[in-house]
Amino acid sequence: MKAPLTVKPSKHFCSRAVPSMTEPREPNESPALSPILPNVASFHLSNPIYRPSLHTVDISTPKPLQKSILATPIIQLLHSSFISPALVGMADTVRIVVCGDEGTGKSSLITSLVKNVFISSKIQPTLPAITIAAPGSVTTTIVDTSALPQELNTLRKEIRRSDVICLVYSDHYSYERVSLSWLPLFRSLGVNLPVVLCANKADLSPGVDPEEEMMPIMLEFKEIDSCIRASAKEQKNVNELFYLCQKAVTHPVAPLYDSKEQNLKPAAVAALQRIFFLCDRDQDGFLNDLELQEFQKKCFDKSLTPEELDDIKTSIKKRLPNSRTEEGVDEQGFILLSKMFAEKARHETVWTILRVFHYTDSLSLKDSFLHPKFEVPPNASAELSPLGYRFFVDLFLLFDKDNDGGLNEDELAALFAPTPGLPASWVDSSFPSSTVRSEAGHITLQGWLAQWSMTTFQDPKMTLAYLAYLGFESDEKGGTTAALKVTKPRKRRRRQGRVERNVVLCYVLGSRGSGKSSILDAFLNRPFDSTYHPTIKPRTAVNSVELQGGKQCYLIIEELGELESAILENEAKLNSCDVVCYTYDSSDPDSFAHIVDLRARYPQLDELPAVYAALKADLDKTTQRAEIQPDVYTREIGMSAPLHVSAAWTSISELFVTVSEAALFPNNAYPRTEPESADRTNFYIATGVTVCTVMALLYVWKRTNPG
Ligand SMILES: Nc1nc2c(ncn2[C@@H]2O[C@H](COP(=O)(O)OP(=O)(O)OP(=O)(O)O)[C@@H](O)[C@H]2O)c(=O)[nH]1
Ligand SMILES: [Mg+2]
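Residues numbered from 1 in each chain as written. Chains lettered and ligands numbered in written order. Predicted model: local features only at pLDDT ≥ 70, side-chain atom pairs only at ≥ 80, totals over all residues.

- Looking at an unreviewed UniProt entry, one finds the chain named Mitochondrial Rho GTPase and attributed to Tuber borchii.
- Per its UniProt entry, the chain bears the Sequence similarities (unreviewed entry) comment "Belongs to the mitochondrial Rho GTPase family."
- A UniProt comment under Subcellular location (unreviewed entry) is attached to the chain, and it reads "Mitochondrion outer membrane". (UniProt positions renumbered as here; feature names shortened; annotations may be inferred.)

What follows is the structure, given as structure tokens:
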């Protein structure tokens, strides 16, 4: 069996490729054992000092692979980037400004990189900017500068335009000036750019210990990202120098790792915790081998060998002896792995993971991931697609740990752990009271799906954001939008046959105390409560309704409370409504008048299909103090008579079916309107036909009776 690999900081560590999820290896170990991280890491065999780890290698001790890699021009290295910037959302252009005292070799380093030769004769003092562009890779521009006083303005301008500064020194004098002059200059410009410090002409001082020389400056100036000794003349570490510059921009260490604290930063830990949570598909608190393989495939597009899996667990066990690695990698172990990468300056591995999971450089989730483009045209609505429903069903089943058919508070909290918490609209509508709950008060699967149906209907962008937080994935283009669909735009009201929607919205309108809230409660199967709580804030309830013929739809019932007038005056609000349910208390003589008054005040209500409900049928019916009694009133406008129901009777469910059907098949649910506002098309057609017929008859009569 292969001996476990050591984790102790290796003097050579930064100079070698290391696998992504496995232990860092010693240089003499076969690189074939480290297939996980793609090749880019293998040219990372320079001798840099990175901020997080201070392991250095002297340039005079080349490593076995070093020669071939050093001979590789950077353009090729850029080409071989293991992940395309577009794929992971990192910066896709990098502008490097090369600064330093006169004669330190700035232009020579650039020439050596581009031409792959060292030109000993004096080259022009400042080279023109060069851009290295490779399809699918980071486009890099390298700008040479001069330290001459008359060029100071140009220098300042170039620094301001750049993403990273490559600061070069080459002897004791220019070394002193790094901390006395150059770094203070950068600070005075207020640019806050990462600096890669390069000791050039390393061939002239082979015995120097880079750590001893560079560490003091690095400790004093936090903006120094990494340090490297190089030789433009011997073309050593030139590729690496510019690679480090690129990396300082594309894979910055600062957001991830606190070098003073020697720990990952809280935002990085939070992101990694969320990633762990999403990868722990069975939610048992461990990434088992299968879950680790899936994670590896997703992030690095490679699989792990059994030995590599063992290596990972061995490394974790070494640092966390109590971890139960036989069951898999737990959250602590998972975060430790990232910490080890950061410690060993392999933070690009951590960035790869974060970017695959859609994190930005500031460790927030990418806006385009949370808020993808999704338009709902006028008169259409958004609903969950079968994929979306499937996702929410699976999520429910996964988190209903006690299998009681409901999500209790703890289960809900666990489910929402990778999100910022419950959606704001859910909190506003005092979720879960807006939907179906079990007797124990826990949200049921039916209620869970109804709640998401309502959220999607009211605010599809919110559903999309939560699908992203909760880890919805689909092979289809558009990511989370595959979980949604847009319904056919509703035709002009009164002109439609069936409405092609599965989620419909009903406003319930009626006098104070007529029993609207009790309808909402009954809709959510709550027991009837005889105490009266007037409704102030609008209130919604959502549930599924079984229609005649077995089809199902989701009905959202909204009681408008004190906002009734405001909502009815709002065209957009009325437009989103599919059906109105007018209610009155059949035992209260003053109740029906409110409906008559509402219809008179808001004639636009007549553009909506409607159902009339006479509530409290369990109490004695009384004559309404209105000009016309409800039955006559509805008959006169061509509507069905009010449905007499009681919230205290189970037969109230009939009302919900009637309301849903009126929304989906609205043809018979419109009131007959006054002639002037009626649809006069048929009248015009009929008149047209009559006029033509009369004309034709006249013509025939004239022909037969000439003169
Ligand atoms: N007997 C009987 N009482 C009912 C029925 N429905 C509602 N009530 C009672 O009537 C009172 C008012 O009911 P709510 O549902 O709060 O009326 P509301 O229309 O929501 O009132 P506001 O929100 O103030 O507009 C409460 O005390 C209910 O218990 C019913 O079918 N039968
Ligand atoms: Mg109420």
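## Examining the UniProt feature "domain: EF-hand" (unreviewed entry) in the chain
So, step 1. Here the UniProt feature "domain: EF-hand" (unreviewed entry) sits at residues 267-302 and 387-422.
So, step 2. Helix makes up 69% of residues 267-302 and strand 6%, and the two end C-alpha atoms of the span are 27 Å apart.
So, step 3. Regarding residues 387-422, the helix share stands at 56% and the strand share at 6%, and the terminal C-alpha atoms are separated by 22 Å. (Helix = DSSP H or I, 4+ residues; strand = E, 2+ residues; numbered from the N terminus.)

## Some points on the site of ligand 1
So, step 1. Around ligand 1 sit 22 residues in total, of which G515, K516, S517, Y532 and T535 are the nearest.
So, step 2. Per-element tally for the shell around ligand 1: the top contributor is helix α20 (residues 516-523), with three residues.
So, step 3. Counted by class, the shell around ligand 1 contains six nonpolar, eleven polar and five charged residues. (Near = placed C-beta within 6 Å. Nonpolar A, V, L, I, M, F, W, Y, C, P; charged D, E, K, R; others polar.)

## Notes on the packing of helix α15 (residues 386-399) against helix α18 (residues 445-458)
So, step 1. Their axes nearest at 10 Å, the elements α15 and α18 cross at an angle of 140°. The orientation of α15 relative to α18 falls into the category oblique. The two elements α15 and α18 meet at a crossing, and its hand is right-handed. Contacts from Y389, F392, V393 and F396 of α15 reach α18 at L445, W448, L449 and W452. (Axes fitted to C-alpha atoms, helices over the stretch in contact; angles between N-to-C directions. Parallel < 35°, antiparallel > 145°, perpendicular 65-115°, else oblique. Left-handed = near helix turned anticlockwise from the far one by under 90°. Contact = placed C-beta atoms within 7 Å.)

## Concerning the packing of helix α4 (residues 106-115) against helix α8 (residues 238-250)
So, step 1. Where α4 meets α8, the axes come as close as 9 Å, and the angle between the chain directions of the two elements is 100°. Put simply, α4 runs roughly perpendicular to α8. Two secondary-structure elements touch here, α4 through L109, S112 and L113 and α8 through V238, N239, L241 and F242.
So, step 2. When its residues are assigned to classes, the contact of α4 with α8 shows five nonpolar, two polar and no charged.

## Here we look at helix α13 (residues 347-356)
So, step 1. Most of α13 sits inside the fold, with nine of its ten residues counted as buried.
So, step 2. Among all positions in α13, only H347, E348, T349, V350, W351, T352, I353, L354 and R355 are buried.
So, step 3. Downstream of α13 by one or two residues, H358 has phi in the positive range, about 70°. (Buried ≥ 20, exposed ≤ 12 C-beta atoms within 10 Å, placed from the backbone.)

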